[in-house]
Amino acid sequence: MFGPSPTAWIERLIRMPRSRRVYKPAMLLAALDAIDAGATAAHIPLDDLLDRFDDLLERSGLRGDTSKGFQPAYHLSDSGAPSSPVPFWSLRRGATAVHGLAKPGSNGALRRAADAVALLPPLAVEVETLDARQAVREAIYDLLERDGDPDCLALVRAHDVSYADVQADQQRLRERLLQPFRLDDPAPRRCLARREQRSRRRAFAAEVLDAYARACALCDLRIQWGDLVEAEAAHIKPHALDGADDVRNGLALCRTHHWSFDRGLWSATDAAVVQVVSPDVAAAQGAAADLGSLQPFRGRRLRPPTLAGARPHRDALAWHWRSLYRGAGGARAE
Ligand SMILES: [Zn+2]
């Protein structure tokens with residue numbers, strides 16, 4: 001009923017129609033917290049659940065939305081199932097399941113009809129242990145962050161207790177700029193626990209975007225709306241290949257230029273002069289290429305970061321040129 005993995009059903013949860021998209025993930029986080037605090041999956045008192053939901057939305061700065069907990073509590077139940085493809089729980093009153101309840105109009109109306117929720121079996125099993133609940137939370141945070149909706153980002157910031165870790169990691173990145181550059185991370189991100197990986201990813205993104213004032217280092221595009229930022233923090237040597245989480249191994253790039261940089265369609269020499277795969281090289285490799293939109297950048301310099309010590313390191317650029325840039329052979333021939 002919930003799909004093959006927690007991530008899959010949480011994704012469905014966030015995409016579910018009706019009400020604001022932040023409500024249902026907030027309600028599920030409230031339910032997980034209630035279980036941590038002593039409730040069981042088979043009996044989460046409704047008062048506790050609604051209070052936690054209100055508190056969480058208030059801490060997220062979504063104050064005007066509190067006391068709306070009846071909406072997600074109902075829509076996530078099998079009574080609300082006709083409008084919700086993924087029922088997470090059934091409503092209970094005492095020892096009896098409440099089925100087919102008409103939509104209540106307030107927290108009070110819901111409380112009169114039910115006094116607890118009982119998680120349905122697939123979900124109940126997924127959240128049995130503390131570690132499993134934490135894994136579900138991490139999956140929720142990941143999806144909310146990827147969603148990028150400002151309310152969703154505010155919810156993660158308010159709920160995720162590891163947010164202090166991000167600030168500590170940002171401090172570490174600043175200190176690292178005073179150390180000799182190492183292209184490979186001595187503690188590769190892939191070896192870390194998921195929570196530490198997320199903290200490192202966020203810290204790297206925050207520091208790189210800050211260094212480049214949230215604008216693409218290639219084309220200068222900058223689009224921002226509150227916490228929504230179009231530019232992304234790109235690794236020059238990818239972290240998947242153990243490239244360092246070091247601002248000198250990073251560039252702020254718009255999505256198009258991040259995508260094409262990761263695929264080696266353009267690169268930059270150690271003087272940060274931009275090179276673009278030429279049509280001749282593409283033809284020689286038998287590729288039907290159209291890189292016309294990139295050609296105007298050829299020979300330009302990447303815009304440097306505001307902090308001189310944060311400039312892309314020549315070892316990182318040399319690695320990209322040597323290892324990812326598709327036009328390297330052609331560039332040598334030119
Ligand atoms: Zn760009």
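Every chain is numbered independently, its residues counted from 1 as its sequence is written. The predicted origin of the model limits local features to residues at a pLDDT of at least 70 and limits the giving and counting of side-chain atom pairs to 80 or more, whereas totals for whole chains, interfaces and linings rest on all residues.

**Details of the overall build of the protein**
Logical step 1: Of the regular secondary structure elements, the protein holds 14 helices and ten strands.
Logical step 2: Across its three principal axes, the protein shows a C-alpha extent of roughly 80 × 45 × 35 Å.
Logical step 3: With C-beta atoms placed from the backbone, a residue is buried if 20 or more other C-beta atoms are within 10 Å of its own, exposed if 12 or fewer are, and partly exposed between those counts. Within the span of the protein, comprising 334 residues, buried residues form 37% of the whole.
Logical step 4: A pair of residues counts as a contact when their C-beta atoms, built from backbone coordinates, are within 7 Å of each other. Residue pairs in contact within the protein that sit at least 24 positions apart in sequence constitute 66% of those at least 6 positions apart. Helix and strand definitions here come from DSSP, where helices need a minimum of 4 consecutive H or I residues and strands a minimum of 2 consecutive E residues; each element is numbered from the N-terminal end.

**Examining helix H8 (residues 150–159)**
Along an α-helix, a turn takes 3.6 residues, which lines up residues three or four apart on a common side.
Logical step 1: Within the span of H8, buried status applies to Asp151, Cys152, Leu155, Val156 and His159. Along the axis of H8, the buried residues cluster in a sector spanning 140°; they form a single face.
Logical step 2: Structurally, H8 contributes buried residues whose contacts are with helix H2 (23–36), helix H3 (46–59) and helix H7 (130–147). Directions drawn from the helix axis to the C-beta atoms are what define this arc.

**Considerations on unusual backbone geometry**
Logical step 1: Backbone geometry places Arg214, a non-glycine residue, at a positive phi of 60°.
Logical step 2: Relative to the assigned elements, Arg214 resides in the loop between helix H10 (194–211) and strand S5 (224–225).
Logical step 3: Unusually for a residue other than glycine, Asp220 sits at a positive phi of about 75°.
Logical step 4: Mapping Asp220 onto the fold places it in the loop between H10 and S5.
Logical step 5: Residue classification places Asp220 among the exposed positions, given that 11 C-beta atoms sit within 10 Å.

**Topic: the confidence of the model for the protein**
Caution is warranted with low-pLDDT regions, since their predicted coordinates should not be read in detail.
Logical step 1: The predictor attaches a confidence to each residue, called pLDDT, with possible values from 0 through 100. With 91% of its residues at a pLDDT of at least 70, the protein reaches an overall mean of 87.
Logical step 2: Taken element by element, the predicted model of the protein shows its lowest mean pLDDT in helix H14 (residues 328–333) (46) and its highest in strand S8 (residues 250–253) (98).
Logical step 3: With pLDDT under 50 throughout, residues 330–334 is counted as low confidence; its partners more than four residues away or in other chains account for five contacts.

**Details of the domain arrangement of the protein**
Logical step 1: For the protein, the assigned domains read domain 1 (6–155) and domain 2 (162–333).
Logical step 2: Counting from both sides, the interface comprises five residues of domain 1 and, opposite them, six residues of domain 2.
Logical step 3: Listed by contribution, the elements that provide at least two residues to the side of domain 1 that touches domain 2 are H7 and H8.
Logical step 4: Amino acids are sorted into nonpolar (Ala, Val, Leu, Ile, Met, Phe, Trp, Tyr, Cys and Pro), charged (Asp, Glu, Lys and Arg) and polar (every other residue, Gly among them). Among the residues forming the side of domain 1 that touches domain 2, the class breakdown is three nonpolar, one polar and one charged. For the domains described, the bounds stem from an automatic or database domain assignment.

**Looking at the nonpolar core**
Logical step 1: Ranked by size, the top nonpolar core spans 40 residues in total, and within it Ala26, Met27, Ala30, Leu49 and Ala73 carry the most contacts.
Logical step 2: Elements with a contribution of two residues or more to this core: H2, H3, helix H4 (70–75), strand S2 (89–93), strand S4 (116–119), H7 and H8.
Logical step 3: Considering each element in turn, this core owes the most residues, nine residues, to H2.
Logical step 4: Apart from the residues within four sequence positions on either side, Ala73 is in contact with Met27, Leu49, Leu50, Leu110 and Val117.
Logical step 5: By size, the runner-up hydrophobic cluster in this structure holds 35 residues, among which are Val208, Ala231, Leu253 and Ala268. The term nonpolar core refers to a group of buried residues, namely Ala, Val, Leu, Ile, Met, Phe, Trp, Tyr and Cys, whose C-beta atoms join them within 7 Å.

**Some remarks on the environment of Glu230**
Logical step 1: Inspection of the secondary structure puts Glu230 in the loop between strand S6 (228–229) and strand S7 (232–235).
Logical step 2: Sequence-wise, Glu230 and Pro186 are 44 residues apart; in three dimensions their C-alpha atoms are separated by 30 Å.

**Topic: the pairing of S8**
Logical step 1: Residue alternation in S8 divides its side chains into two sets, Gly250 and Ala252 and Leu251 and Leu253, and both sets are buried.
Logical step 2: The pairing of S7 with S8 spans four bridges and is antiparallel. Across the sheet, His235 pairs through a bridge with Gly250, a residue of S8. For two strands to count as paired, DSSP must find a minimum of two bridges between them.

**Notes on the sheet that holds S2**
Logical step 1: The strand order across the open sheet formed by four strands is S1-S4-S2-S3, and the pairing between neighbours is antiparallel. Pairing within the sheet leaves two strands with one partner each, and these edge strands are strand S1 (44–45) and strand S3 (96–98).
Logical step 2: Relative to S4, S1 runs antiparallel, the two sharing two bridges. Across the sheet, the residue bridging to Ile44 is Val117, located in S4.

**Structural notes on the packing of H7 against H8**
Relative placement of two packed helices is described by the angle separating their axes and the distance separating the axes.
Logical step 1: Following both chains from N to C, one finds H7 and H8 inclined at 145°, their axes separated by 8 Å at the closest point. Along this stretch, H7 crosses H8, giving a crossing that reads as left-handed. Of the residues in H8, those in contact with Tyr141, Leu144, Glu145 and Asp147 of H7 are Cys152, Leu153, Leu155 and Val156.
Logical step 2: Here the residues of the contact of H7 with H8 sort into six nonpolar, no polar and two charged. Here the axes come from fitting lines to C-alpha atoms, over the contacting stretch only for helices, and the angles between their N-to-C directions go from 0 to 180 degrees. What makes a crossing left-handed is the near helix being turned counterclockwise from the far one by less than a right angle; a clockwise turn instead makes it right-handed.

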